[in-house]
Amino acid sequence: MGKLTIVFFSLIMIFSCKDKVGDSAGSQQEIISNKDYAANLDNGKGILNNTHSPHVKLRSIDMGDCKWTEGFWADKFKITEEKMIPYMRTLLTGETGHALNNFKIAAGLKEGEHKGMHWHDGDFYKFMEAAMYVYAQNGDEKLLKELDEYIDIIGKAQEEDGYLQTQIQLRDNLSRYENRKYHEMYNSGHLMTSACIHYRITGQTNFLDIAVKHADLLYSLFMTDDERYGRFGFNQTQIMGLVEMYRTTKDKRYLELAEQFINNRGKYEVAETPETKGYPIGDMVQERTPLRESDEAVGHAVLALYYYAGAADVYAETGEQALIDALDKLWMNVTLKKMYVTGAVGQTHYGASTNRDKIEEGFIDEYMMPNMTAYNETCANITNSMFSYRLLGVHGESKYADIMEKVLYNSALSGINIEGDRYYYANPLRVIHGSRDYEKMNTEFPTRQAYLDCFCCPPNLVRTIAQASGWAYSLADNGVAVNLYGGNVLETKLLDGSKIKLTQETKYPWDGAVKITIEESKEAPFDMLLRIPDWAEGSTLAINGRDTGVSVVPGEFAKVNRAWKKGDVIQLNMPMDVNFVEGNDRIEEVRNQVAIQRGPIVYCVESADLPKDASILDVYIKGDPTKLKAAYQPNFLGGVTSLTGEVLLRKEDDKKGSMYNKMQKPDWKSYRTTFVPYFAWSNRNGGEEGEMTVFLPVVW
Ligand SMILES: [Zn+2]
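Just so it is clear, the structure is predicted and the values come from calculations on it, not from any experiment.

Notes on the overall build of the protein
Helix and strand counts for the protein stand at 16 helices and 27 strands. Its C-alpha atoms give the protein a radius of gyration of 25 Å, near enough to 27 Å, the size a compact globule of 700 residues would have. Taken along its principal axes, the extent of the C-alpha atoms in the protein is 90 × 65 × 45 Å. Relative to its 700 residues, the protein shows a buried fraction of 62%.

Considerations on the packing of aromatic side chains
Here a ring pair, both rings aromatic, is described through the centre-centre distance and the interplanar angle of the planes. One pass over the structure, following the stated rule, counts 36 aromatic pairs. Centre to centre, the rings of Trp73 and Tyr409 are 5.4 Å apart; their planes meet at 40°, and the pair counts as tilted. Highlighted residues: Trp73 in helix H2 (residues 72-93) and Tyr409 in helix H15 (residues 399-412), separated in sequence by 336 residues. Residue Trp73 shares its accessibility class with Tyr409, and that shared class is buried. Here the aromatic rings of Phe103 and Phe124 are separated by 5.8 Å at their centres, their planes lie at 45°, and the arrangement is tilted. Remark: Phe124 occurs in helix H4 (residues 120-138) and Phe103 occurs in helix H3 (residues 99-106); sequence separation between them is 21 residues. Comparing Phe103 with Phe124 shows no difference in burial state: the two are buried. Members of the aromatic cluster, connected to one another through ring pairs, are Trp68, Phe72, Trp73, Tyr409, Tyr485, Tyr508, Trp510, Tyr632 and Phe679. Looking at Lys76, its charged tip hangs above the ring of Phe72, at a distance of 5.3 Å from the centre. Note that Arg253 overlies the ring of Tyr219, its terminal NZ or CZ placed 5.0 Å from the centroid.

Describing the sheet that holds strand S15 (residues 540-543)
Two orientations exist for strands paired in a sheet by backbone hydrogen bonds: parallel and antiparallel. Taken together, the seven strands give an open sheet; going across it, the order is S4-S11-S12-S13-S18-S15-S16, and neighbouring strands pair in antiparallel fashion. The strands lining the two open edges of the sheet, one partner per strand, are strand S4 (66-70) and strand S16 (546-547). As defined by bridge partners, S15 adjoins S16 across two bridges and the pair is classed as antiparallel. Within the sheet, the bridge partner assigned to Ala542 lies in S16 and is Asp547.

Examining empty space enclosed by the protein
Using the criterion set out here, one finds seven cavities of 30 Å³ or more in the structure. Taken as a whole, the largest cavity holds about 180 Å³ of empty space. For the largest cavity, the lining is made up of 18 residues, of which Glu129, Thr193, Met386, Arg390 and Arg463 are closest to its centre. Those elements that provide at least two residues to the lining of the largest cavity are H4, helix H7 (184-202), helix H10 (237-249), helix H12 (301-318), helix H14 (378-395) and helix H16 (457-471). Of the residues assigned to the lining of the largest cavity, the class counts are nine nonpolar, four polar and five charged. Taken as a whole, the second largest cavity encloses approximately 120 Å³ of empty space. Along the walls of the second largest cavity sit 14 residues, with Pro428, Val431, Tyr438, Glu444 and Phe445 positioned nearest its centre. Here the lining of the second largest cavity is built from residues that sort into 10 nonpolar, one polar and three charged.

Comments concerning the pattern of salt bridges
Applying the stated rule across the entire model yields 42 salt bridges. The partner of Arg253 in a salt bridge is Asp216, with the nearest N and O atoms 2.8 Å apart. Of the two residues, Arg253 is situated in helix H11 (residues 252-263) and Asp216 in helix H8 (residues 206-222); the sequence distance between them amounts to 37 residues. Assigned by exposure class, Arg253 and Asp216 land together as buried. Taken together, the salt bridges that share partners define one network made up of Arg200, Glu244, Arg247, Asp313, Glu317 and Arg390.

A few points about the coordination of the zinc ion
Listed as protein donors to the zinc ion are Glu377 (OE), Cys379 (SG), Cys456 (SG) and Cys457 (SG); their distances from the metal cover 2.1 to 2.3 Å. Taken together, the four donor atoms surrounding the zinc ion define angles of 94 to 119° at the centre, an arrangement classified as tetrahedral. Donor residues for the zinc ion sit on one chain with the sequence pattern E-x1-C-x76-C-C. Of the two residues, Glu377 is situated in the loop between strand S7 (358-363) and H14 and Cys456 in the loop between strand S8 (430-431) and H16; the sequence distance between them amounts to 79 residues. When sorted by exposure, Glu377 lands in the same class as Cys456, which is buried.

Focus: the side chain of Asn417
Within the element layout of this structure, Asn417 appears in the loop between H15 and S8. Classification of Asn417 as buried rests on a relative accessible area of 9%. At 2.9 Å, the side chain of Asn417 and the backbone nitrogen of Arg422 are in polar contact. The contact partners of Asn417, leaving out residues within four places of it in the chain, are Arg422, Arg448 and Asn683.

Structural notes on the pairing of strand S9 (residues 473-476)
Burial along S9 is two-sided: Tyr473 and Leu475 facing one way and Ser474 and Ala476 facing the other are all buried. Inspection of the sheet shows strand S3 (residues 59-60) paired to S9 by two bridges, in the antiparallel sense. Residue Ser60 lies in a different strand from S9, and its bridge partner there is Ser474. Bridging between S9 and strand S10 (residues 479-482) involves four bridges; their strand directions are antiparallel. Bridging from a neighbouring strand, Leu475 pairs with Val480 of S10.

Section: the sheet that holds strand S17 (residues 556-562)
With respect to topology, five strands assemble into an open sheet ordered S3-S9-S10-S14-S17, the strand pairing being mixed. Pairing within the sheet leaves two strands with one partner each, and these edge strands are S3 and S17.

A few points about the confidence of the model for the protein
For the protein, mean pLDDT is 94; residues scoring 70 or higher make up 95% of the total. Between residues 1-27, whose pLDDT stays under 50, and residues either more than four places distant or in other chains, the model counts 46 contacts.

Quick word on H8
Taking 1.5 Å of rise per residue, the 17 residues of H8 would be expected to cover 24 Å, and the 25 Å separating its terminal C-alpha atoms lies within 8% of that figure. Judged by how many residues are buried, H8 sits mostly within the fold: 14 of 17 residues are covered.

Some details on H12
Spanning 18 residues, H12 covers 25 Å between terminal C-alpha atoms, matching the ideal 26 Å at 1.5 Å per step. Two residues or fewer after H12 comes Gly319, characterised by a positive phi angle close to 70°.

What counts, and where the lines are drawn
Residues numbered from 1 in each chain as written. Predicted model: local features only at pLDDT ≥ 70, side-chain atom pairs only at ≥ 80, totals over all residues. Heavy atoms only, no water. Helix = DSSP H or I, 4+ residues; strand = E, 2+ residues; numbered from the N terminus. Rg over C-alpha atoms; globule rule 2.2 N^0.38 Å. Buried < 20%, exposed > 50% of the residue type's maximum accessible area, 1.4 Å probe, protein only. Phe/Tyr/Trp six-rings, centres within 6.5 Å; stacked < 30°, edge-to-face > 60°. Lys NZ or Arg CZ within 6 Å of the ring centre and 35° of its normal. Pairing = 2+ DSSP bridges. 1 Å grid on protein atoms, 1.4 Å probe; cavity = no way out; pocket = protein on both sides within 12 Å on 5 of 7 lines; lining within 4 Å. Points joined across faces, edges and corners; volume = space filled by probe spheres on them. Nonpolar A, V, L, I, M, F, W, Y, C, P; charged D, E, K, R; others polar. Salt bridge = Lys/Arg side-chain N within 4 Å of Asp/Glu carboxyl O. Donors = N, O, S within 2.8 Å, 3.2 Å for Na, K, Ca; no water. Tetrahedral: all angles 85-135°; square planar, octahedral: opposite > 155°, others 65-115°. Polar contact = N/O pair within 3.5 Å; in protein donor to acceptor, adjacent residues only side chain to side chain. Contact = heavy atoms within 4.5 Å. pLDDT = per-residue confidence, 0-100. Expected span 1.5 Å × (residues − 1).

Pasting the structure below:
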């Protein structure tokens, strides 16, 4: 072979390996294996490796470049490190969770059978990802070693041609890709994402090797026109995973395949086939309308938002106008017409779409926002913030980070208790004794649970908390955007390669004062973009004690361009008034009710703060938010600012139990109560069911 030929081959680094796939499917596609991919890897280390993405305005910082130092997120990170990860490890690597066991059995290292949901492999990859983010912060070598052990087992479980799905491999009666309900795509997506993150954080390719082999198999099957595979894109984390695979390996086939999964939605007749049997079809899985023609978020909320988030990743690479136009419409539809005040999404457990398709755990009509029966799966809320994080990058507008923050502080954190070892799957805004028959429900519980058989939410939440420092800042063309506030140190490089170091000191979200000190930076001018949250009216911004003259507008980034020097101090002050928030007139469920918000935190009132005989439905609030007093309590619920104030309690005997009753003038009793952050509810009942409401009726 001549020298040129060798160069040519090493350049394309793609050759055929004669593996055959599609055992039950009958067809025999050739797998094009990217075996020499390691020579061509990208060295970006962002959560999204969008450093070179052509259609991105704000790019991810490298993982580990921002470290929490004090305050809210530093505390949450510490709990993640010390409790959430170790506790979850015990669950998933032991008999309760059985997730690692599934891989061991598939690897021939253990006897036994598959246990857990079809998506259990994916949930284990998410747990691994969470551990990776912790490693990126603390450099604990034990975590790395542990991950290597898991990867070794996972590698042994993988089949020769790259297939890796223990829920299928361990069940004799199931074959590959016979029915989309077995969640193979979901597991594949988390495998690829987790492997990319592992490579970026460690520089090792042991996990990535597995993912490449797997992605090559997916390409060989799903890039074909085989109709049986056409509708497989389902709970589509594989789109995000494939785009990260493309960004990591620069192999364009992965991007091509990611796009194929988008193009296939809405292309086929919505009718039951052997591949769709046993799970709702149509809007439920976003297959009735092609994405580029969609303007309404439909179906299962987690499925929808993973899909939209993946499509935003594809747009970041392709810049296709029709795609981003649709995604913008969908984001507006979600956040302006289908989202709760907590950032939660997925209004119902059971319902229908406007096309009359059956919907589970998902979106229903615009402005139809039940409180008690709201589903609001922790995953859906998190996915809402993941979609927003991607659009923040694409558009560079702060309104997307407002949603990320709203979700993080409210409907994400409500999924876990203060100690870090109990989980909620559904996150309704009101809970009342006796209103729900929990016996009949599989994912709604009166209290947070030590383990959930359907374990998608817990590792999703733990990885989100663990990676929040990576969301806190983005890199702009010539500067840094501050997306999230919290005590931290940022040590990174601007896109021109110059070093920058900042410290951020703040007691946010309990206090609105943020002090950012420039510790090191280049001499030439660059931008500091400071997110002014949409609720933060009256915020002020000063540099070295002087007003900057730049416009400070809630819902936008305040942009300060100057030649920064060591010791420069940025002071942002966001007023932390207590506000009442009312719903749009079209939300019937909250007419003449208000939610209480202070800064980004949404409050609630719960049984623990009411007289024993009072129901949450007896509580009415007086129409003046300024009468509520805020006080930080370091030893309460992990350290929170609670609100105290007077409410009116309506006597139980004023009400009768019929469907409709003649009403008497209520006999009010004044009561002084405490309001706690919504995320911290149900932490004081000692395992007993309590009542809670976010929205309260107002007495003017
Ligand atoms: Zn979930």
